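Chain and residue survey
Given next are the chains, with one letter for each unit.
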Amino acid sequence: MGFSGINTSYTAIRAAQAAINTTSHNIANATTEGFTRQSVQLGSRPAHESYGGWIGSGVDTLDISRQRDSFLDDRARAELNLLGQYEVRDRLLGQAETRFGELDAGIDVALSGLFASLEEWSLHPDQSPSRQTVLGAMDNVAARLRATTEGLQAMSKASVTSIEDLVSQVNGKVDAIAKLNREIVAASGNGSANDLLDARDRLVDDLSRTAGVTVIPGKEGAIRISIGGLTLVDNGEVSHLTANPDGTVTHPDGPVKLGGEIGGHQRFLTQDLPSMIASLDTLATNLANAFNSQNAAGFRMDGSPGGDLFDASGGAANFTMIATSPSDLAAAGTNPPAAFDGANAAALASLRTADVGGAGSLLSQFRNTITAVGVSAARADLDLRGQRALENTASVARESAHGVNLDEEMANLITFQRSLEAAARVMSAMDEALATLINRTGVVGR
Amino acid sequence: MRITNRMLVDQSLSRLQTSQSALARQQERISSGRDIRRASDDPSGASRIMSLQADLRAREQESRNSEDADTVLSLSDTALQSIVSRMHRARDLVVAGASEQQNGSRPAMATELAGIRDEIAQVANQRHDGRPLFAGFADADAVAKVAGTWTYGGDAGAITRRVGPTDIVQVNVTAADAFGFNAGADLFTLLDDVEAAMTANDQTALSNALTSIDAALSRIGDAQASIGAAANRVESSQIRNLDAQLALRTELSLVQDTDMASAVMELQLQEMSYEATLSALGRSLPTSLVAFLR
């Protein structure tokens, strides 16, 4: 029999030290974003034959590994993808809605004001101030329509710029992931790659939120990342995305459909914004047609028929008032025009309730446009709230599996401390036995 | 479920944020006094608000139209009334002039008839706000003697006012209708003729003229009746309109305004839940096994 027990307890002390150090690392990172708790895997060392049988030779530290569940990661990333998309869309639709003004200051209110001024003018068709009021109200409607449309177009430009920024962020993160891939492959041979893996997982989370990516595990701990079947990162190889001026994004292998925040911007650019601007364009055309044809049906003070009042040929963004002088307004219904004939002024005022372009009155068309924007904004808000709850559930599930619980770590710490103390006690027992043998044997009768 | 320390913090923070945004929403409701400020707050309610606002604006304009109509109609009525009383005086003079006893006073009566005629012409040309009452759309005297003939200077323009959503009322009568120009027997020529008969002591012509004077009076009566009928329509429209405005304002307030009692109650509930979340956070965060191990 040898005193292999000293070595056995030495392995126990080393294992306990490794466990205590890992616990210390866990506690230190208890609040670190994206940190995965680590644990020490122990294994008993092989036995050797000794006097009386096979005696074990202690404990080995097999591995210090992360408690990570990739299924939970995939689920959380799928929710992050949608969350990013809904957050952006909710914010953009909310902003778009404010372009239409508050309920008591929208375009429909300006239009209502125009009709009131027209009716007032029809009471006093001869008076210049009432004509001036009509011109002012017309200008107000045109300016509101233009400002709203220009505001929406500015949002479109801002979204394209945001997409460019986000794409360059994506490219930066793709580079970082490829670099980490190489480091992880290199580290998996010697030493731990745990914290590199954490860093890479954080980047993949960010990418999911920004662009919505798919992760496929590769060899030796490397991963492949793709979007819509097009590869962004393959081990150490990267492909960069390019943002185009129209808000689309292309991959070297062709156009790519993105999710996440970029997808949210793109959906706003391709679906929400065009329909808003198109309905404003339709409104501008209907407004101009109705007023121009009614003004042409009347006669001006000099006996000539009324000319065009509005020009909608350039769409709502370039909606302009052509009439500049009070005499451009045709008040009279008959020719030669009598001084107090306000028949056409009254007809212009009665456009308030007239069906224009087969889509109801102008006022109700404006109301419908504003309500439609409100409905989209409210829907986007509901979508976002629902998605927040889903994302929260997924991230809680992930945090529950991956995160650090201080109580648990404290309990572990005590366990490891005790096992270290016990191993030390065994070692001193061995030491004492050895001392007895060395100092006390062979001295009988001395 | 395994609970980690980070989870505790994150969850509490997200609950605090939810609680705070609910609090902010209630505060906005109370300070603005509006339940719906943007269409997305309540799209169907917002659509209703916009429609009610437009209706209210239209009713207010109709109310102004009614006031304008009322002024014109009552001025026309007063003018016609004074013309009728002048015509009655003229008729009295003609009756007197046709009688034998008045042989000496016919010249004076002729002078008075000329005065009455000029007076009626003046009233017929009365203007309101620069605009003749009885000349249709025209900016001209309704009646004038041109080259020795009495003529109507206006046109057939029917001045209308919209006093209700679909209620359009004509607020003028033309001198052509009221004073007989259209019937080919205007009362000014009639008064000229009577004055001439008076000067010429033509008793027969005077007694024959009575029928024409009665016909002229009845034409003015017709005009007064149509003015009166229009005034009645305007008045009843105005009453309906004011009722409608009240109803619209009430509904608008119901849809749009914050119910203060419920909003304040809601605010207090939110405050309570916010404070409760805060105190829960304060209690749960510091406790850990760390504090109990020595």
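What counts as what
Residues numbered from 1 in each chain as written. Chains lettered and ligands numbered in written order. Predicted model: local features only at pLDDT ≥ 70, side-chain atom pairs only at ≥ 80, totals over all residues. Heavy atoms only, no water. Helix = DSSP H or I, 4+ residues; strand = E, 2+ residues; numbered from the N terminus. Rg over C-alpha atoms; globule rule 2.2 N^0.38 Å. Buried < 20%, exposed > 50% of the residue type's maximum accessible area, 1.4 Å probe, protein only. Areas by Shrake-Rupley, 256 points an atom, 1.4 Å probe, with all protein chains shown as cover. Lys, Arg positive; Asp, Glu negative; His and termini not counted. Charge placed at Lys NZ, Arg CZ, Asp CG, Glu CD. Pairing = 2+ DSSP bridges. 1 Å grid on protein atoms, 1.4 Å probe; cavity = no way out; pocket = protein on both sides within 12 Å on 5 of 7 lines; lining within 4 Å. Points joined across faces, edges and corners; volume = space filled by probe spheres on them. Nonpolar A, V, L, I, M, F, W, Y, C, P; charged D, E, K, R; others polar.

**As for the overall build of chain B**
Check the secondary structure of chain B and you find seven helices and six strands. Seen in sequence order, chain B has helices and strands lined up from the N terminus as α-α-α-β-β-β-β-β-β-α-α-α-α. Relative to the 2.2 N^0.38 estimate, which gives 19 Å for 294 residues, the radius of gyration of chain B is 39 Å and therefore markedly larger than a compact globule would have. Projected onto its principal axes, the C-alpha positions of chain B cover 140 × 30 × 25 Å. Across the 294 residues of chain B, 42% fall into the buried class. In the structure as shown, chain B presents an accessible area of about 14,500 Å², 54% of it carried by carbon and sulfur atoms. Separation of charge centres in chain B, based on 28 positive and 38 negative side chains, amounts to 13 Å.

**Focus: the sheet that holds strand β10 (residues 249–251) of chain A**
Residues and elements named next belong to chain A. Spatial strand order, β9-β10-β11: three strands in an open sheet with antiparallel pairing. Of all strands in the sheet, those bounded by a partner on one side alone are β9 (242–243) and β11 (254–256). Where β10 lies against β11, three bridges are found, and the strand directions are antiparallel. Opposite T250, over in β11, you have P255 as the bridge partner.

**Observations regarding empty space enclosed by the protein**
Applying the stated criterion across every chain yields a total of four cavities of 30 Å³ or more. By volume, the largest cavity is sized at about 160 Å³. If you trace the largest cavity, you find 16 residues lining it, with L123 of chain A together with V72, H128, R131 and R161 of chain B closest to the centre. For the lining of the largest cavity, the elements supplying multiple residues, two or more each, are α2 (43–97) and β2 (131–132) of chain B. Partitioned by chemical class, the residues of the lining of the largest cavity number seven nonpolar, four polar and five charged.

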